[in-house]
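What follows is the residue order along each chain.
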Amino acid sequence: MFAAARPARGGFWVAATRGAGVVGYVGLELSALGGEADVVNLAVDPAARRRGVGRALLDKAVAVCRARGVPLLWLRVRASNRGARRFYRRCGFHTVGRFRGYYERPPETAILMAVGTRAPASARRRAGRPLSTSASRRTRP
Ligand SMILES: CC(C)(COP(=O)(O)OP(=O)(O)OC[C@H]1O[C@@H](n2cnc3c(N)ncnc32)[C@H](O)[C@@H]1OP(=O)(O)O)[C@@H](O)C(=O)NCCC(=O)NCCS
């Protein structure tokens, strides 16, 4: 399902394909010191949504972080993008802050969300669980 695309300046891009077509992608940028990573973009073809593609892409991003020893994965999402915010919560992300005026055209607040990458997927997805990056269990991606 996954194909790695061209890494750029510490970035690691993953695309999901079904048959011959690309149905979604996630962009992951690793920090220079390797202590954290950012989801810089994530999108699924409207025709392929609500079939688990987005979740599979995020799982892949978390697995890449874990394999590289990166314990924390961040992202920013427009405050008005309630569907995506709910999606990220369902994938185990927690809101950890807000940036007023972060986005332009239109100007909007960014919601900062994060997930610890070392916890198993079941623990990450448990609703309401506080962010933890201290779990020592590691599994292969
Ligand atoms: C957000 C996005 C990536 C989700 O992709 P997806 O493949 O549809 O997500 P999944 O099928 O893996 O969804 C997993 C769960 O997240 C939740 N979820 C996903 N999309 C949701 C939405 N629009 N509204 C509410 N909950 C949603 C659901 O609980 C879903 O499980 P369910 O379908 O069994 O109820 C997709 O809607 C998208 O590309 N949106 C436009 C781009 C965007 O907003 N990207 C994020 C920018 S930061």
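Once a new chain begins, its residue numbering starts again from 1 and follows that chain's sequence as written. Per-residue local features of the predicted model are confined to residues with pLDDT of at least 70, and side-chain atom pairs are confined, for both listing and counting, to 80 or more; whole-chain, interface and lining totals are unaffected and use all residues.

Q: Sorry, what's going on with the overall build of the protein here?
A: Helical segments are the DSSP runs of H or I of at least four residues, strand segments are the runs of E of at least two, and each set is numbered from the N terminus. For the protein, the helix and strand inventory stands at three helices and seven strands. The secondary structure elements of the protein, listed N-terminal to C-terminal, are β-β-β-β-α-β-α-β-β-α. Exposure criterion: with C-beta atoms placed from backbone coordinates, a residue whose C-beta has 20 or more other C-beta atoms within 10 Å is buried, one with 12 or fewer is exposed, and one in between is partly exposed. Out of the 141 residues in the protein, the part that is buried amounts to 27%. Pairs at least 24 residues apart make up 46% of the contacts formed inside the protein by residues separated by at least 6 positions. Any residue pair is listed as a contact if its two C-beta atoms, each placed from the backbone, are within 7 Å.

Q: Which parts of the structure should I look at to understand the nonpolar core?
A: Proteins that are soluble and globular tend to have nonpolar side chains buried together. With 23 residues, the main nonpolar core has Val26, Leu28, Val39, Ala61, Cys65, Leu73 and Met113 as its most contacted residues. Listing elements by their share of this core, those giving two or more residues are strand 3 (21-30), strand 4 (36-44), helix 1 (53-67), strand 5 (72-78) and strand 7 (108-116). It is helix 1 that contributes the most residues to this core, six residues altogether. The contact partners of valine 39, leaving out residues within four places of it in the chain, are Val26, Leu28, Ala61, Leu73 and Leu75. For this entry, the nonpolar core is defined as buried Ala, Val, Leu, Ile, Met, Phe, Trp, Tyr and Cys residues connected by C-beta atoms within 7 Å.

Q: Which parts of the structure should I look at to understand the confidence of the model for the protein?
A: Low-pLDDT portions of the prediction should not be read for the details of their coordinates. Think of pLDDT as the predictor's per-residue confidence, scored from 0 to 100. Here the protein shows a mean pLDDT of 80. Residues at 70 or above account for 74%. This stretch, residues 127-141, has a pLDDT under 50; its non-local contacts, to residues over four places away or in other chains, come to 24 contacts.

Q: What exactly am I supposed to notice about the environment of valine 77 here?
A: The topology assignment puts valine 77 in strand 5. We classify valine 77 as buried; it has 21 C-beta atoms within 10 Å. On a C-alpha basis, the gap between valine 77 and tyrosine 103 in space is 9.3 Å, while along the polypeptide they are 26 residues apart.

Q: I'm lost on helix 1 in this one. Help?
A: Each α-helix turn comprises 3.6 residues. Residues three or four places apart therefore point the same way. Helix span, as expected, comes to 1.5 Å for every residue beyond the first. Taking 1.5 Å as the rise per residue, helix 1 with 15 residues should run 21 Å; its terminal C-alpha atoms sit 21 Å apart, in good agreement. For helix 1, the set of buried residues is Gly54, Leu57, Leu58, Lys60, Ala61, Val62, Val64, Cys65 and Arg66. Where helix 1 terminates, the next one or two residues include glycine 69, which has phi positive at roughly 75°.

Q: Before we go on, may I ask you to explain the site of the ligand in this structure?
A: The criterion for a residue being near a molecule or strand is simple: its C-beta atom, placed using the backbone, must lie within 6 Å of it. Around the ligand lies a shell of 17 residues, among which Arg49, Gly54, Arg55, Gly83 and Phe87 are the nearest. Within the residue set of the shell around the ligand, elements represented by two or more residues are strand 4, helix 1 and helix 2 (82-90). In terms of residue count, helix 2 provides more of the shell around the ligand than any other element does, five residues in total. Tallied by class, residues from the shell around the ligand come to seven nonpolar, four polar and six charged. Only Asp, Glu, Lys and Arg are considered charged, only Ala, Val, Leu, Ile, Met, Phe, Trp, Tyr, Cys and Pro nonpolar, and every remaining residue, Gly among them, polar.

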